[in-house]
Amino acid sequence: MTKKMNRREVLATAATVAAASTVATKAFGQAPAVMSGHRQLVVGAHNGNRLKNENGETGVEIAFRMMSEGADVLDATIACNNLPENSIEDSSVGYGGLPDANGDVTLDACCMHGPLKRAGGVAFIQGVRAPSHVAKDVMMKTNHHLLAGQGATDFARANGHKIEGDLNSERSFKRYLEWKERVEREGDNRTFAELDLDFIEKKGFEVAYQMAKEGRIDIEHIHGTINTNAMNIKGDICGNTTTSGRSFKVPGRVGDSPILGAGLYLDNDVGAAGSTGLGEMNLYHLCSYLIVEKMRDGMHPKDAGMYALNRVKDMALPNPGYRNEKGEIAFNLQFYILNKQGQYAGVAMRGGEGRFYSVCTDNGAEHVLMDAIYTDS
Ligand code: GLY
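Remember, it's a predicted structure, so these values are computed and weren't measured experimentally.

**Q** Hey, could you go over the packing of helix α9 (residues 287-296) against helix α10 (residues 301-313) for me, with residue numbers and the actual values?
**A** The packing of two helices is summarised by the inter-axis angle and the distance between the axes. With their axes 9 Å apart at the nearest point, α9 and α10 run at an angle of 140 degrees to one another. When the interaxial angle is binned, α9 and α10 end up oblique. In the crossing of α9 with α10, the sense of the turn from one axis to the other is right-handed. Along the contact surface, α9 presents Cys287, Leu290, Ile291, Lys294 and Met295, while α10 presents Pro301, Ala304, Gly305, Tyr307, Ala308, Arg311 and Val312. Partitioning the contact of α9 with α10 into residue classes produces nine nonpolar, one polar and two charged.

**Q** Describe the environment of Gly70, listing the residues and the values that go with them.
**A** Here Gly70 lies in the loop between α2 (59-68) and α3 (73-85). For Gly70, a relative accessible area of 60% corresponds to the exposed category. Linking Gly70 and Ile233, residues 163 residues apart in sequence, is a C-alpha distance of 9.6 Å.

**Q** Please give an account of the side chain of Thr106 that cites residues and values.
**A** Positionally, Thr106 belongs in the loop between α3 and β2 (107-113). Thr106 gets classed as buried once you look at its relative accessible area, which sits at 2%. In this structure the side chain of Thr106 is engaged in a polar contact, spanning 2.9 Å, whose partner is the side chain of Lys249. Leave out the neighbours within four places in its chain, and Thr106 touches Asp100, Phe124, Ile125, Gln126, Thr243, Ser244 and Lys249.

**Q** So what about the pattern of salt bridges? Which residues, and what values?
**A** Here the structure, examined in full by the defined rule, presents 23 salt bridges. Across the salt bridge formed by Arg65 and Glu57, the nearest N and O atoms sit 2.5 Å from each other. The shortest N-O distance in the salt bridge between Glu206 and Lys203 comes to 3.0 Å. A residue pair is termed a helical-turn pair when its members lie 3 or 4 positions apart in one helix, as Glu206 and Lys203 do in helix α7 (residues 197-213) at three residues.

**Q** Mind laying out the site of the ligand, listing which residues take part and the relevant values?
**A** As a structural note, the neighbourhood of the ligand is formed by ten residues, with Thr225, Arg253, Asp256, Gly277 and Gly279 the closest of them. A distance of 2.9 Å separates an oxygen atom of the ligand from a polar backbone atom of Gly279. Looking at the shell around the ligand residue by residue, the classes come out as no nonpolar, seven polar and three charged.

**Q** Provide a residue-level description of empty space enclosed by the protein, including the pertinent values.
**A** Which parts of space are left empty comes out when a probe the size of a water molecule is rolled across the atoms. With the rule as written, the count across this model stands at two cavities of 30 Å³ or more. Lining the largest cavity we find eleven residues, and of these Thr225, Gly245, Arg253, Asp256 and Gly277 sit closest to its centre. Looking at the lining of the largest cavity residue by residue, the class counts come to no nonpolar, eight polar and three charged. By volume, the second largest cavity is sized at about 40 Å³. Lining the second largest cavity, in full, are Trp179, Ile200, Glu201, Gly204, Phe205, Arg246, Ser247, Phe248 and Lys249. The greatest single-element share of the lining of the second largest cavity, amounting to four residues, is contributed by α7. Looking at the lining of the second largest cavity residue by residue, the class counts come to four nonpolar, two polar and three charged.

**Q** Please set out the packing of aromatic side chains residue by residue, giving values where relevant.
**A** Going through the model one piece at a time under the given rule, you end up with nine aromatic pairs. Consider the rings of Trp179 and Phe192, whose centres lie 5.7 Å apart with planes at 75 degrees: the pair is edge-to-face. On the criterion of sequence distance, the pair formed by Trp179 in helix α6 (residues 170-186) and Phe192 in the loop between α6 and α7 is long-range, its members being 13 residues apart. There is no split in this pair, since Trp179 and Phe192 are both buried. Through successive ring pairs, a cluster of aromatic residues spans Phe173, Tyr176, Trp179, Phe192 and Phe248. The ring centre of Phe199 lies 5.7 Å from the NZ or CZ of Arg190, which sits over that ring.

**Q** Outline the sheet that holds strand β10 (residues 344-350), supporting the account with residue identities and numerical values.
**A** Taken in spatial order, the five strands line up as β7-β8-β9-β10-β13 in an open sheet, and their pairing is mixed. The open sheet is flanked by β7 (264-267) and β13 (371-374), the only strands paired with a single partner. With strand direction ignored, the average angle separating the axes of adjacent strands in the sheet is 15 degrees. Where strand β9 (residues 333-339) and β10 come together, five bridges link them in antiparallel fashion. Opposite Leu338, over in β10, you have Tyr344 as the bridge partner. α10 contacts β9, β10 and β13 of the sheet and is inclined by roughly 20 degrees relative to β10.

**Q** Can you tell me about the sheet that holds strand β3 (residues 118-125), naming the residues and giving the values?
**A** Strand pairing in a sheet relies on backbone hydrogen bonds, with the paired strands running either antiparallel or parallel. Taken in spatial order, the eight strands make up an open sheet running β4-β3-β2-β6-β5-β1-β11-β12, and their pairing is mixed. Looking at which strands have only one partner, the edges of the open sheet turn out to be β4 (146-148) and β12 (364-369). On average, adjacent strands in this sheet sit at an angle of 10 degrees to one another, irrespective of strand direction. Pairing of strand β1 (residues 41-45) with strand β5 (residues 225-231) involves four bridges; the strand directions are antiparallel. Within β5, the position partnered with Val42 by the bridge is Ala230.

Rules and cut-offs
- Once a new chain begins, its residue numbering starts again from 1 and follows that chain's sequence as written.
- A pLDDT threshold of at least 70 governs which residues receive local features in this predicted model, and a stricter bar of 80 or more applies before side-chain atom pairs are shown or counted, although totals over entire chains, interfaces and linings include all residues.
- With hydrogens and water stripped out, all remaining heavy atoms of the structure feed into the side-chain values.
- Fitted lines through C-alpha atoms give the axes, limited to the stretch in contact for helices. The angle between two N-to-C directions lies from 0 to 180 degrees.
- Numbering of helices and strands runs from the N terminus; a helix is a DSSP stretch of H or I covering at least four residues, while a strand is a stretch of E covering at least two.
- In what follows, roughly perpendicular refers to angles from 65 to 115 degrees, roughly parallel to angles under 35, roughly antiparallel to angles over 145, and oblique to any angle outside these ranges.
- Should the near helix be turned counterclockwise from the far one by less than a right angle, the crossing is left-handed, whereas a clockwise turn marks it as right-handed.
- Contacts: residue pairs with any heavy atoms within 4.5 Å of one another.
- Here the term charged refers only to Asp, Glu, Lys and Arg, the term nonpolar to Ala, Val, Leu, Ile, Met, Phe, Trp, Tyr, Cys and Pro, and the term polar to all other amino acids, Gly among them.
- Only protein chains enter the accessibility calculation, which uses a 1.4 Å probe; a residue whose area is less than 20% of its type maximum is buried, one above 50% is exposed, and one in between is partly exposed.
- Polar contact is the term for a pair of N or O atoms within 3.5 Å; when the atoms are in protein, one must be able to donate a hydrogen and the other to accept it, and sequence-neighboring residues count only if both atoms are side-chain atoms.
- What counts as a salt bridge is simple: a side-chain nitrogen of Lys or Arg found within 4 Å of a carboxyl oxygen of Asp or Glu.
- Throughout, the term near means that a residue has one or more heavy atoms lying within 4 Å of the molecule or strand in question.
- Definitions used throughout: a 1 Å grid over protein atoms alone; a cavity as a set of points that fits a 1.4 Å probe which cannot get out; a pocket as an open set with protein on both sides within 12 Å along at least five of seven lines; a lining residue as one with an atom within 4 Å of a point.
- Grid points are joined across faces, edges and corners, and a volume is the space filled by probe spheres set on the points.
- Put simply, two rings from Phe, Tyr or Trp (the six-membered ring, in Trp's case) pair if the centres are within 6.5 Å, and we call them stacked under 30 degrees between planes, edge-to-face over 60, tilted for the rest.
- Charges are assigned to positions over rings by a cutoff of 6 Å between ring centre and Lys NZ or Arg CZ, combined with an angular limit of 35 degrees from the ring normal.
- By definition, two strands form a pair when at least two bridges between them are found by DSSP.

Right under this line is the structure:
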C-alpha cells in the first residue's frame, strides 16, 4: 500500500527535487530531469565517455542532452555510440575497428526499444560505419530481429545507408599486418594461407594479447564493443550495443553483441543490461536477459550483474586457456545495468585500477570504477 507522506516528508522531498534541479541546471543549463518521477540517466561502457564531438560533449553527455530536449531514448543511445562508431580513434567499433583474420572489418549491432517493445540487429555487416542505425532500421522496417552478412549490407544500401569498400583506417590495417606477420612467425614462417584456422585462432589470440601488453593495441579493444542504455524522465528505457567483434577473429565469427538477451536486453517495466567482453562466454547464459530477470525478482543492478558473472565464473569452461595459473577466470566480461528505480551498476569479471564504466545523470558525466569478481587486474 502507498504510504501517505506527512508534511515534513513532503517538504523534505521538495527540497531534494529543488537541489537536484539546481545541479541539473548548472550541469546542462536546462530543465531538471527528475521532476516527473523517473530519474533520467545514461549508463554504458567506458568508451561512451571518452571521445568528444565538436561541441566538447562525450557520447553519454550527448545522449543525456538529447533526452532532456525530448528526443527518443533509443536515438539518444545510438547518438552516443555513433561517436566511436564514426571515429578511427576507437578501434573496437565501426570505422577503423580492428578487422578479422582476412583483414576485413565486419560489424555487429543490436538495439531495443522499451516502450515500443521492439528490437533489431545486424550481424557480419560490411561497409557501413555505423551499424547501429541499420539495426534500428531492421527494428522499424521489418518483422525480423536479425539480418546478417550480404543480406544486411544489401538491406542497408536499400535503406539509404552509405556503403564503403573498406572500413579499415590506416592504423587498423597497419596493426592487422603486424598481427598477421607475428602469427606467421609463430607458425615457423609458413605463410598465412598455409596455416590452419585453429592455429590462427589460438595463436592469433595470444599474439593480440601480446600486442596489447606492448601497447600496440588497446587491451579493451580486443573484444572491444560499446553498449549504452538510458532512461528518460517518463521512465522509457532503450539500449544499443555495437562492435567490430573480437580483433582478428576467424572470418564469419559473430559474438554476443547482436544477439537479443546476450549483447543487450531490456524490459521497459524493469530495466536494461548490455555487455562488452568475451561474447562466447556471455552467450552460454544469455547474461543480459538473466540480469534483467534477476532485477524483475527484486535484485539491485549490482547484485544481478554479479549473479550473472558468478554463473559464468563457476561453469565448466570450454577452453583451458580461459583460466590463469591461479585458477581465476582470465578473460573479461562486463555488464552495464540500470533499473526503473534509477539505480545502476557496471560489473566486470576482471576489474581494478583503470576499469571504468560511464554514467551521465543530473550531476553530469563521470567514469565510475566497476564492481568486479577479481579486482587486481
Ligand atoms: N562482446 C563482443 C564480442 O565478443 O564480439
